[in-house]
Amino acid sequence: MAIKQVLKVDYAIAEKPLESVNGDQAFFQQHDESAFFGIVDGAGHGQDANEIATIACEFLKENTHLELTAMMQALHVHLKGSRGGVAIICKIDLVAAQINCVGVGNIEMRMFGSQTKRFVLTPGVLGYDIRTPQHQTTDLNVGDVLVMHSDGISKVFDLYDYPDLPWDDAKTIATTIIDRFGKSNDDATTLVVRIA
Ligand SMILES: [Mn+2]
């Protein structure tokens, strides 16, 4: 009988809100053979943005049975009438060693390790107008680092700016990204996953 190989993940969330509450919200759920995580950035910042992001994350966590593109479309409908927001959601299949991501709007998902890439996201603002969400699937290997972040973190940071990133643990990477690349005029949030 073959022994099923299951990837292990180390993750961390770090944030630097502009006001007393964060207008971005991140979540991470780990199951036996999968992980589900994401970030929602509510329009604007402060209490109003925090409420939108919180409502959106609760909705996502209650609808994990949906396929990711359908989940994002449903979130778009759910946020109609609010000030809207942007979001990225990912599922890792820990047995197949694959990640599937869907993102809408001005938010980022990067990968370092066996591949260096930026995930392609769908333009739009959830609750207002979005193109049909597209998903992207990528194989994962031990040592890969996935970095998800809101637009309160400089888009242009790269391995040249942070050469230790591939070797640091998730918590160190998350706090370093916030400290070094967080902007001073928006909520900054990052969720880092390291494949162990
Ligand atoms: Mn923002």
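As shown above, the structure is provided for reference.
So, a few notes on the structure that sits alongside this text. Since the model is a prediction, treat every value here as computed from it, not as a measurement.

1. Re the coordination of the manganese ion
Step number 1: Only Asp-41 (OD), Asp-151 (OD) and Asp-186 (OD) from the protein coordinate the manganese ion, and they sit 2.2 to 2.3 Å from it.
Step number 2: Along the chain, the residues that donate to the manganese ion are spaced as D-x109-D-x34-D. Of this pair, Asp-41 sits in strand β3 (residues 34-42) while Asp-151 is found in the loop between β11 (145-150) and α3 (170-181), placing the two residues 110 residues apart along the sequence.
Step number 3: The class of Asp-41 is buried, set by a relative accessible area of 7%.
Step number 4: Owing to a relative accessible area of 22%, Asp-151 belongs among the partly exposed residues under this scheme.

2. With respect to the environment of Val-102
Step number 1: Mapped onto the fold, Val-102 is located in strand β5 (residues 98-104).
Step number 2: Judged by relative accessible area, Val-102 falls into the buried class, the value being 1%.
Step number 3: Note: C-alpha distance between Val-102 and Gly-23 (79 residues apart in sequence) is 20 Å.
Step number 4: Filtering out sequence-adjacent residues up to four positions away, Val-102 remains in contact with Leu-68, Thr-69, Met-72, Ala-87, Ile-88, Ile-89, Pro-133, Gln-134 and His-135.

3. A closer look at the packing of helix α1 (residues 46-62) against helix α2 (residues 68-78)
Step number 1: One can describe the packing of α1 onto α2 by two numbers: an axis separation of 10 Å at closest approach and a directional angle of 140°. Here α1 is positioned oblique relative to α2, judged by the angle of their axes. The two elements α1 and α2 cross, and the hand of that crossing is right-handed. Residue-level contacts link Ile-55, Ala-56, Phe-59 and Leu-60 of α1 to Met-71, Ala-74, Leu-75 and His-78 of α2.
Step number 2: Considered class by class, the residues forming the contact of α1 with α2 number seven nonpolar, one polar and no charged.

4. Topic: the packing of aromatic side chains
Step number 1: Scanning the entire structure with this criterion turns up five aromatic pairs.
Step number 2: With centroids separated by 6.5 Å and ring planes inclined at 35°, the aromatic side chains of Phe-112 and Phe-157 adopt a geometry described as tilted. Note that Phe-112 is positioned in strand β6 (residues 107-112) and Phe-157 in the loop between β11 and α3, a separation of 45 residues in sequence. Of the two residues, Phe-112 and Phe-157, both sit in the buried class.
Step number 3: Sitting over the face of the ring of Phe-119, Lys-117 holds its NZ or CZ atom 4.9 Å from the ring centroid.

Thresholds, definitions, all that
- Residues numbered from 1 in each chain as written.
- Predicted model: local features only at pLDDT ≥ 70, side-chain atom pairs only at ≥ 80, totals over all residues.
- Heavy atoms only, no water.
- Donors = N, O, S within 2.8 Å, 3.2 Å for Na, K, Ca; no water.
- Helix = DSSP H or I, 4+ residues; strand = E, 2+ residues; numbered from the N terminus.
- Buried < 20%, exposed > 50% of the residue type's maximum accessible area, 1.4 Å probe, protein only.
- Contact = heavy atoms within 4.5 Å.
- Axes fitted to C-alpha atoms, helices over the stretch in contact; angles between N-to-C directions.
- Parallel < 35°, antiparallel > 145°, perpendicular 65-115°, else oblique.
- Left-handed = near helix turned anticlockwise from the far one by under 90°.
- Nonpolar A, V, L, I, M, F, W, Y, C, P; charged D, E, K, R; others polar.
- Phe/Tyr/Trp six-rings, centres within 6.5 Å; stacked < 30°, edge-to-face > 60°.
- Lys NZ or Arg CZ within 6 Å of the ring centre and 35° of its normal.

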